[in-house]
Amino acid sequence: MNLLNINISFSYWKLIILGCIALFFLGLIIWIICSYYTYKWFKMNIDKDYFYFNEYNSDCKVVLKEYGNCPIKRIYLVRQPITKFAKILLNIVTLYKFEQEMNKYIKTTKNSVFFPQHTSIIIEIELPNKTRKQILIEKNNCLKLALDFRISNKQDMRKISIGRKKHTLNSLLENTRERIGNNIFFNWSICRNNCQTLTKEILITLNKFTNKNKKFMFQNEFANQIKFSEFSLHIINTIINLCNTFENLVGRTLYF
């Protein structure tokens, strides 16, 4: 009898949890639709940059405190296919227009291995004990610094020569931030301020935004074919704002 009661109780709580999740997503959908038409009613610009951050998040602060002043010995420009989660999200918010445009591009260019790329920077620093550590610099929903990250066979890496020039993580980031401003540096926008924007600005700081590096990281032909509707942009902005709020509340970084 006790085992039966436990099973019934577990099933009951499972239903409650599933019900709460369903209500959350239903509420999110209603909020997105209502807020979108509110924006349209007041003729507010959907395709604007949303400024959420004006400083480093907690994870970045930890990395900068520990390793910010260590000298950079090597820098790599990295590109890799976007994650499955990001692809699913883009397909949902564009009603699968993203997938259609990608397939159309593959047929047009006859590039059977094409896949949209995420770009980032990996730096290798030297610690006081002469050992070395790698740090990932990227932008997803906001600026991210990561000590734990994957190196996979799907990544392409290009070494950026810095010669005898002295850089630290602090100097590299702060020189970039001071030049482009907090809003562009810390925040994210799918069209005008994404991962490629941050990578480009860091390369400019290093005086390494060369034609070869541009060709390696940019996919302008495909990007120009993707046109997001105002409703799609509103969904993306809403989800990003939720992710940013969640990160601030729990103090943990999301990677996707």
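What counts and what doesn't
- Residue numbers restart at each chain and count upward from 1, following the sequence in its written direction.
- A pLDDT threshold of at least 70 governs which residues receive local features in this predicted model, and a stricter bar of 80 or more applies before side-chain atom pairs are shown or counted, although totals over entire chains, interfaces and linings include all residues.
- Side-chain measures were taken over the full set of non-hydrogen atoms in the model, leaving aside hydrogen atoms and water.
- Under the DSSP-based scheme used, a helix requires at least four consecutive residues in state H or I and a strand at least two consecutive residues in state E, with every element numbered from the N terminus.
- Accessible area is worked out with a 1.4 Å probe on protein chains only. A residue is then buried under 20% of its type maximum, exposed over 50%, and partly exposed in between.
- Residue contacts follow a heavy-atom distance rule, with two residues in contact if any of their heavy atoms lie within 4.5 Å.
- Joining through side-chain atoms within 4.5 Å is the link that ties buried Ala, Val, Leu, Ile, Met, Phe, Trp, Tyr and Cys residues into a set, and such a set is a nonpolar core.
- Pairs of N or O atoms within 3.5 Å make up the polar contacts considered here, provided that, within protein, one atom can donate a hydrogen while the other can accept it, and that residues adjacent in sequence are counted only when both atoms are side-chain atoms.
- Here, strands pair whenever DSSP counts at least two bridges between them.
- What counts as an axis is a line fitted to C-alpha atoms, over the stretch in contact for a helix, and the angles between N-to-C directions run from 0 to 180 degrees.
- Any angle from 65 to 115 degrees is called roughly perpendicular, while one under 35 is roughly parallel, one over 145 is roughly antiparallel, and all others are oblique.
- Under the scheme applied, nonpolar residues are Ala, Val, Leu, Ile, Met, Phe, Trp, Tyr, Cys and Pro; charged residues are Asp, Glu, Lys and Arg; polar residues are all the others, including Gly.
- We define a salt bridge as a contact between a side-chain nitrogen of Lys or Arg and a carboxyl oxygen of Asp or Glu at a distance within 4 Å.

Asks: Mind showing me how you'd approach the overall build of the protein here?
Replies: Broken down by element type, the protein carries ten helices and five strands. A burial count over the protein gives 40% of its 256 residues as buried. For the protein, long-range pairs separated by at least 24 residues make up 75% of all intrachain contacts whose partners lie at least 6 apart in sequence.

Asks: For this particular structure, what's the right way to read the side chain of Asn91?
Replies: Looking at the element boundaries, Asn91 is found in helix α3 (residues 84-93). You can call Asn91 buried: its relative accessible area is 4%. Among residues more than four places away in sequence, those in contact with Asn91 are Tyr96, Phe98 and Glu99.

Asks: In this structure, what is going on with the nonpolar core? I would like to understand it.
Replies: Across soluble globular proteins, you tend to see nonpolar side chains buried next to one another. With 33 residues, the main nonpolar core has Ile123, Ile137 and Leu169 as its most contacted residues. Residues Ala86, Leu90, Val93 and Ile236 belong to the second largest nonpolar core, which totals 15 residues.

Asks: Please clarify how helix α7 (residues 195-205) should be interpreted in this entry.
Replies: For an α-helix, the turn length of 3.6 residues means that residues three or four places apart are oriented alike. With eight of eleven residues buried, α7 is to be regarded as a mostly interior element. Turning to α7, its buried residues are Cys195, Gln196, Thr197, Leu198, Thr199, Glu201, Ile202 and Leu203. Among the residues of α7, the N-terminal cap falls to Asn194, whose side-chain oxygen and the backbone nitrogen of Gln196 are separated by 3.1 Å. One or two steps after α7, the chain reaches Asn207, where phi turns positive at roughly 60°.

Asks: Would you mind showing me how to read the sheet that holds strand β4 (residues 143-146) here?
Replies: Working definition: the strands of a sheet are paired by backbone hydrogen bonds and lie parallel or antiparallel to each other. Taken together, the five strands give an open sheet; going across it, the order is β4-β3-β2-β1-β5, and neighbouring strands pair in antiparallel fashion. The two strands at the open ends of the sheet, each matched to only one other strand, are β4 and β5 (156-160). Strand-to-strand twist of the sheet, defined as the mean angle between neighbouring strand axes without regard to direction, takes the value 25°. Note: strand β1 (residues 72-81) against β5, five bridges, orientation antiparallel. Directly across from Arg79, in β5, lies its bridge partner Asp156. Here helix α2 (residues 58-67) sits on the sheet and contacts β2 (117-126), β3 (132-139) and β4; the angle it forms with β4, its principal contact strand, is near 50°. Packing of α7 onto the sheet brings it into contact with β1, β2, β3, β4 and β5, and relative to β2 it is tilted by some 40°.

Asks: How should the packing of α2 against helix α5 (residues 169-180) be read in this particular structure?
Replies: Two measures define how a pair of helices packs: the angle their axes make with one another and the distance between the axes. At their nearest, the axes of α2 and α5 sit 9 Å apart, and the two run at 130° to each other. Here α2 lies oblique to α5, going by the angle between them. Contact with α2, carried on its side by Val63, Leu64 and Tyr67, involves Leu169, Asn170 and Leu173 of α5 and no other residues of that element. Of the residues assigned to the contact of α2 with α5, the class counts are five nonpolar, one polar and no charged.

Asks: I tried to follow the environment of Thr238 on my own but got confused; where do I start?
Replies: Relative to the elements of secondary structure, Thr238 occurs in helix α10 (residues 230-250). Distance from Thr238 to Ile32, taken between C-alpha atoms, is 7.2 Å for residues 206 residues apart in sequence.

Asks: Is there a simple way to explain the pattern of salt bridges in this structure?
Replies: Pairs can form between side chains of opposite charge whenever their charged atoms are close. Scanning all chains against the criterion turns up seven salt bridges. Note that Glu126 is salt-bridged to Lys130, the shortest N-O span being 3.7 Å. Since its relative accessible area comes to 15%, Glu126 is described here as buried. Linked by salt bridges that have partners in common, Glu124, Glu126, Lys130 and Arg132 make up one network.

None of the figures reported here should be taken as evidence of function without further support.
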